[in-house]
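Reading the structure
Below, each chain spelled out in residue letters.
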Amino acid sequence: MNTQKRSLIFVLLLMFVSGLASAQTKSNGHYYKEMKSLQAAIEKNFHDSKSGNYFVELDPAKRENKNGYLREYTYLWSYCALYQAANEIEKLEPKANLMAPILKLMYEYYSPAPPKPGFTDYIMKLKPGERYYDDNEWIGITALDAYSRTKKKADLALGKAMYDFIMTGHDQVLGGGIYWKEGDLSSKNTCSNGPGALVALQMYEATKNKAYLDTAIKIIEWTDAKLQTPEKLYWDNIRTKNGSVNKGILSYNTGTPLEAYVYLYEITKDKKYLDEANTIADASLNFFYGAEKFRDDYWFNAVLLRGYQHLLKFNKDTKYIMGFKKALDYTLLHEKNEQGLFVGHNGVRNLVDQGGLLEILARYAWLEKQYDLRG
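Figured I'd write up the structure that's included with this text.

Calculation criteria
Residues numbered from 1 in each chain as written. Predicted model: local features only at pLDDT ≥ 70, side-chain atom pairs only at ≥ 80, totals over all residues. Heavy atoms only, no water. Helix = DSSP H or I, 4+ residues; strand = E, 2+ residues; numbered from the N terminus. Contact = heavy atoms within 4.5 Å. Pairing = 2+ DSSP bridges. Axes fitted to C-alpha atoms, helices over the stretch in contact; angles between N-to-C directions. Core = buried A, V, L, I, M, F, W, Y, C linked by side-chain atoms within 4.5 Å. Buried < 20%, exposed > 50% of the residue type's maximum accessible area, 1.4 Å probe, protein only. Parallel < 35°, antiparallel > 145°, perpendicular 65-115°, else oblique. Left-handed = near helix turned anticlockwise from the far one by under 90°. Nonpolar A, V, L, I, M, F, W, Y, C, P; charged D, E, K, R; others polar. Expected span 1.5 Å × (residues − 1). Phe/Tyr/Trp six-rings, centres within 6.5 Å; stacked < 30°, edge-to-face > 60°.

You can see Ser251 is positioned in helix 9 (residues 251-268). Every residue in contact with Ser251, bar those within four places of it in the chain, is listed here: Phe288, Tyr289, Asp296, Phe300, Asn301 and Leu304.

Turning our attention to the sheet that holds strand 8 (residues 245-246). Pairing in this open sheet of 4 strands is antiparallel, and the strands run 5-6-7-8 from one edge to the other. Of all the strands in the sheet, just strand 5 (179-181) and strand 8 have a single pairing partner and so form its edges. Direction of pairing for strand 5 relative to strand 6 (residues 184-189): antiparallel, over a ladder of 2 bridges. The partner of Lys181 across the bridge, within strand 6, is Asp184. Packed on one face of the sheet, helix 7 (residues 190-207) meets strand 5 and strand 6 and runs near 65° to strand 6.

In terms of nonpolar packing, the biggest core is built from 112 residues, with Tyr308 and Tyr364 touching the most fellow members. In this structure, Tyr364 is in contact with Tyr31, Leu305, Ile321, Phe324, Lys325, Leu328 and Leu373, ignoring residues within four places of it in sequence.

For the pair helix 8 (residues 210-227) and helix 9, interaxial distance at closest approach is 11 Å and the crossing angle is 140°. Compared by their axis directions, helix 8 and helix 9 come out oblique. The crossing of helix 8 and helix 9 is left-handed. Across the interface between the two elements, Leu213, Ile217, Ile220 and Asp224 from helix 8 touch Pro257, Ala260, Tyr261, Leu264 and Ile267 from helix 9. Residue classes in the contact of helix 8 with helix 9 are distributed as 8 nonpolar, no polar and 1 charged.

What follows is about helix 5 (residues 133-150). A rise of 1.5 Å per residue sets the reference length of helix 5, with its 18 residues, at 26 Å; its end C-alpha atoms lie 25 Å apart and thus fit the reference within 8%. At the C-terminal side of helix 5, Lys151 shows a positive phi close to 60°.

A separate point is unusual backbone geometry. Cis rather than trans, the peptide bond between Pro114 and Pro115 has omega equal to 10°. With respect to the helices and strands, the residue Pro115 is situated in the loop between strand 3 (110-111) and strand 4 (118-119). Despite not being glycine, Leu174 has its phi angle at roughly 65°, a positive value. By the secondary structure assignment, Leu174 is in the loop between helix 6 (153-166) and strand 5.

Our next topic: the pairing of strand 6. A regular strand places its side chains so that they alternate between the two faces of the sheet. What sits between the antiparallel neighbours strand 5 and strand 6 is a turn of 2 residues, in which Gly183 has the positive phi angle 85°. When strand 6 meets strand 7 (residues 237-239), the two strands line up antiparallel, connected through 3 bridges. Bridge pairing in strand 7 places Asn189 opposite Asn237.

Turning next to the packing of aromatic side chains. In total, this model carries 32 aromatic pairs according to the counting rule given. Consider the rings of Tyr79 and Tyr109, whose centres lie 5.6 Å apart with planes at 85°: the pair is edge-to-face. Pair noted here: Tyr79 is in helix 3 (residues 76-92) and Tyr109 is in the loop between helix 4 (99-106) and strand 3, with a separation of 30 residues, a long-range link. We note that Tyr79, like Tyr109, is buried. An angle of 45° between the planes, with centres 4.4 Å apart, marks the rings of Tyr252 and Phe300 as tilted. In this pair, Tyr252 sits in helix 9 while Phe300 sits in helix 11 (residues 298-311), placing the two residues 48 residues apart along the sequence. This pair shows no difference in class: Tyr252 is buried, exactly as Phe300 is. Through successive ring pairs, a cluster of aromatic residues spans Tyr31, Phe287, Phe288, Tyr289, Phe294, Tyr298, Tyr308, Tyr320, Phe324, Phe342 and Tyr364.

And the structure:
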């Protein structure tokens, strides 16, 4: 065999091995492995095999006392986090059956009470709690996201039920907007209006009923008018009594309007919506991730990541997911304990945060298959 042929065979063999290694990396990447590790750690440490429920906190001393009783098991919010994480994992593992068992547990929180059925924040048969509009919106968002993937009628029906419930919290006090929780008329919050707009937009995408689109536009325009900062981030809430604003700024309250604008562009193709999404994303990147670690809790950041990931469909610049990645990598390096769980300044973080990080890892497990995340 002459030298030229030997060189060609060597090059082809090298390309084959390199391609095989690349395929293995894409199917079993770094973030996928971290996702599977955390998934197993949550099941091992938070799942109570006796009752089938999950604990909200590992440390019994940190479990919430409310209205004279101990909430030993998790409140609904944690299941909202796990439900969305399960949806993201099913995108990676289509045969995994993760969403259905969580939804079954969530129905223990279901209340058929008027004016519309919805989910309370605690297990009904133990001692029912209150119904928060944002909790029900997170459920609706996940159900409709799953519907876009599976086309299961039950997912669409759940999304529609959540839309119907949350709209009972909408009125014209302060010119519009959705309250934070049922029976409490003291504030209208970004955390109930941003995701409320998303549920309406997803319902439009599923049904093409223009009433949903019109509602979403009204909600997001109201949120911008009342709660958007001059820097294009979002404050926490506005008080109905006097119109004063709580100026706390959290990542999830920027994430939902950002994604709403991406949906609006996706639906209408009006460039003003994409421009607004890009502006919000730019404002958020340095504010939340300039220090290369998370400013607030993991789950809040998961919601902003949803907006960044959706924006990639129309803005191919990876700077948002790369900036976010620096904070994620810091967390993986510095905040993981020997149980495979993640800790904060006060010990092991609660189930909401573990679920939020699980969603983040599932999203990066998908992203690492699509993009070069080495930086």
